[in-house]
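Per-entry structural report
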Amino acid sequence: MFRRLPEAAGAALAVSVDGQRVEVRAGDTVAAALLAAGFGHCRTSPVSGAPRAPYCMMGVCFECLVTVDGVGNRQGCLVPVREGMLIETQRGEREVGR
Amino acid sequence: MTGAAALDDKVDVAVIGAGPAGLAAGALSARAGLATVVLDENPAPGGQIYRAITTTPVQRKEILGTDYWHGRELVRELESSGARLATGATVWSISRDLEVAVSHGGRAHLLHARRIVIATGALERPFPVPGWTLPGVMTAGGAQTLLKSSGLVPEGRVVLAGTGPLLWLLAAQLLRAGGAITAILDTTPRQNYVRALRHAPAFVLSPYLIKGLRMMAEVRRKVRVISGVTRLEAVGEGKLKEIIFATGNGAAARMAADLLLLHQGVVPNVNLAMSIGIVHRWDGLQLCWVPEIDRHGNSSVPDIAIAGDGAGIGGAVAAAERGRLAAIAAVRALAPAAVSGLPAEQAVMQALAKAEAGRAFLDTLYQPSADFRIPAGDDTIVCRCEEVTAGQIRANVALGCEGPNQMKSFLRCGMGPCQGRLCGLTVTETIAAARGVSPAQVGYYRLRPPVKPIPLAEVAAMPQPESAVKAVVRR
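Now for a look at the structure at hand. (Residues numbered from 1 in each chain as written. Chains lettered and ligands numbered in written order. Predicted model: local features only at pLDDT ≥ 70, side-chain atom pairs only at ≥ 80, totals over all residues. Heavy atoms only, no water.)

Before going further, it helps to spend a moment on the packing of helix α14 (residues 390-398) of chain B against helix α16 (residues 424-435) of chain B. All names here are of chain B. The N-to-C vectors of α14 and α16 enclose an angle of 45°; their axes lie 10 Å apart at closest approach. By the angle between their axes, α14 is oblique relative to α16. α16 is crossed by α14, and the crossing has right-handed handedness. Counting all contacts with α14, which are made through Ile-393, Arg-394 and Val-397, the residues of α16 involved are Val-427, Thr-430, Ile-431, Ala-434 and Arg-435. Residue composition of the contact of α14 with α16, by class: five nonpolar, one polar and two charged. (Axes fitted to C-alpha atoms, helices over the stretch in contact; angles between N-to-C directions. Helix = DSSP H or I, 4+ residues; strand = E, 2+ residues; numbered from the N terminus. Parallel < 35°, antiparallel > 145°, perpendicular 65-115°, else oblique. Left-handed = near helix turned anticlockwise from the far one by under 90°. Contact = heavy atoms within 4.5 Å. Nonpolar A, V, L, I, M, F, W, Y, C, P; charged D, E, K, R; others polar.)

Among the surface-exposed residues, Val-469, Val-472 and Val-473 of chain B lie close enough to one another that they form a single nonpolar patch of about 270 Å² accessible area. For Val-472 of chain B, a relative accessible area of 70% translates into the label exposed. (Patch = residues over 30% accessible without salt bridge, like charges linked within 9 Å, V, L, I, M, F, W, Y side chains within 5 Å. Areas by Shrake-Rupley, 256 points an atom, 1.4 Å probe, with all protein chains shown as cover. Salt bridge = Lys/Arg side-chain N within 4 Å of Asp/Glu carboxyl O. Buried < 20%, exposed > 50% of the residue type's maximum accessible area, 1.4 Å probe, protein only.)

Attention shifts here to the layout of surface pockets. As a volume, the second largest pocket reaches approximately 1,100 Å³. Around the second largest pocket, the lining is made up of 35 residues, and of these Arg-74 and Gln-75 of chain A together with Ser-103, Pro-453 and Pro-455 of chain B lie nearest the centre. Only β6 (65-68) and β7 (71-75) of chain A together with β5 (99-104) of chain B provide two or more residues apiece to the lining of the second largest pocket. By residue number, the principal contributor to the lining of the second largest pocket is β7 of chain A, which donates five residues. Along the lines of polarity and charge, the residues of the lining of the second largest pocket split into 14 nonpolar, 13 polar and eight charged. (1 Å grid on protein atoms, 1.4 Å probe; cavity = no way out; pocket = protein on both sides within 12 Å on 5 of 7 lines; lining within 4 Å. Points joined across faces, edges and corners; volume = space filled by probe spheres on them.)

Each partner contributes to the interface: chain B provides 50 residues, whereas chain A provides 35 residues. Of the roughly 3,600 Å² buried between chain B and chain A, counting both surfaces, carbon and sulfur atoms make up 59%. In this structure, the connection of chain B to chain A is made through three salt bridges. Of all the elements in the fold, those that place two or more residues in the side of chain B that touches chain A are β7 (122-124), β8 (137-139), α5 (140-150), β9 (152-154) and β16 (259-264) of chain B. Element by element, the count of residues in the side of chain B that touches chain A is highest for α5 of chain B, at seven residues. Here the side of chain B that touches chain A is composed, by residue class, of 24 nonpolar, 16 polar and 10 charged. Sheet analysis places strand β1 (residues 2-4) of chain A next to β9 of chain B, joined by three bridges and oriented antiparallel. Looking at the pairing, Arg-3 of chain A lines up with Val-153 of chain B of β9 of chain B. (Buried area = accessible area lost by both parts, 1.4 Å probe. Pairing = 2+ DSSP bridges.)

Okay, structure coming up:
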């Protein structure tokens with residue numbers, strides 16, 4: 001859905017998305033990195049289970065919620081990626097404690 | 001500033017938001033010698049219009065345009081002013097005692113200020129059409145953020161839909177970046193052109209006129225523009241597949257699409273200001289809530305000012321001038337002797353008036369149609385978080401539910417993580433239309449802190465002020 005401008009390639013680092021190693025661009029947020037890597041959605045809704053993807057990219061819509069390093073419901077568009085980050089897409093409701 | 005501990009200090013002025021208003025307010029206030037901190041939840045300063053201004057990987061200046069690069073001057077002014085800038089700092093509560101609660105570096109902090117400037121800006125108006133929750137549908141602003149922050153350009157069949165200057169700006173930027181746009185579905189109501197005419201003389205003086213016309217011509221040369229769109233639907237199973245649309249009273253047409261970018265203007269982001277009870281009124285032209293403020297941005301709550309688009313949409317240049325006026329008021333209150341070293345208030349007022357010239361023309365021309373603010377179809381989702389539909393809201397109005405807060409109790413609309421940011425205006429206007437009263441009579445959600453979710457552990461670990469301990473501990 002998105003391609004990177006050649007001039008914007010930048011340094012790469014590796015994160016884990018649902019246990020799968022993914023190379024991302026240093027400087028991207030989690031939500032941008034997921035879209036750039038071709039992830040169609042980042043969670044399913046806790047109400048109907050419908051898939052949802054980042055919508056506003058500016059911290060207001062809460063569609064890009066993901067679990068980051070074990071902490072659930074982080075706004076992916078506000079969290080910069082870090083080497084070794086463990087990102088999990090979310091299915092439905094949050095479990096108690098994360 | 002990187003040290004988290006510094007956020008537990010006392011400051012003279014706390015500015016919330018590092019967009020044009022916050023950057024300008026922070027710079028001027030610090031230059032006058034006031035201890036100033038500028039807080040922003042994003043990883044870098046700039047707000048939305050100057051997003052990633054210090055970090056963008058987009059090197060060719062012409063892609064984002066000269067107006068974008070003006071943001072660098074504002075950041076430089078702040079950096080040389082002595083103000084502290086804290087990024088990744090999420091303000092989740094403010095109090096009438098001027099305590100600012102901030103989540104930063106995985107810890108909650110309490111900052112004590114003598115004045116607060118709220119510069120939390122705007123967000124894109126909700127665009128509740130069928131299918132707007134599908135992956136493959138996002139806001140035009142979202143795509144612009146991806147371009148500015150990450151150098152990402154949409155590919156495949158990309159369709160822009162809606163109305164307003166930002167839609168055209170994004171189209172121009174994407175084209176300059178080598179992107180392709182399948183079509184622009186322009187939802188500007190045809191009657192708006194006539195209604196806007198009487199405001200045209202003032203707009204002739206606006207610096208936006210020539211720029212705007214040039215940009216639209218640039219886009220029209222390369223993209224199919226379909227005007228007078230009155231119906232819009234995103235269709236797909238689990239992701240966007242096609243768009244159904246119609247113009248005027250015409251028959252529905254279909255268009256295959258991979259990405260639909262929606263936009264119908266911006267509205268003030270009122271959550272923080274309303275959470276502290278700042279009085280707002282319904283603006284019948286901009287169709288949104290705006291705070292009651294004086295010329296310096298002072299709100300109904302003492303020592304709290306609102307600057308920038310959060311005080312009513314005026315654009316980036318006006319936002320910076322409003323930030324300066326809020327700073328001048330802060331300096332006058334806290335360090336009157338330093339006022340003489342600041343730019344003359346009269347000059348700032350004049351610059352603001354110039355930036356706002358012709359605003360009524362833009363607001364009238366790009367006022368979105370009721371078709372796209374109040375969903376006609378009962379199945380259209382209004383509250384994305386809790387998946388509440390327009391039909392459910394109308395059914396509850398028929399049962400006697402008269403306002404958004406009662407609606408929350410019945411349907412949970414506005415009670416999801418976005419706290420009404422993406423549904424509040426639609427809920428108010430849908431209820432108003434169903435009841436046949438004005439949005440002002442219907443009112444808005446009661447908003448409460450925390451205005452952004454923070455982990456309970458952060459709150460629990462906060463040092464408690466003496467008064468709070470006294471309130472619960474028996475002597």
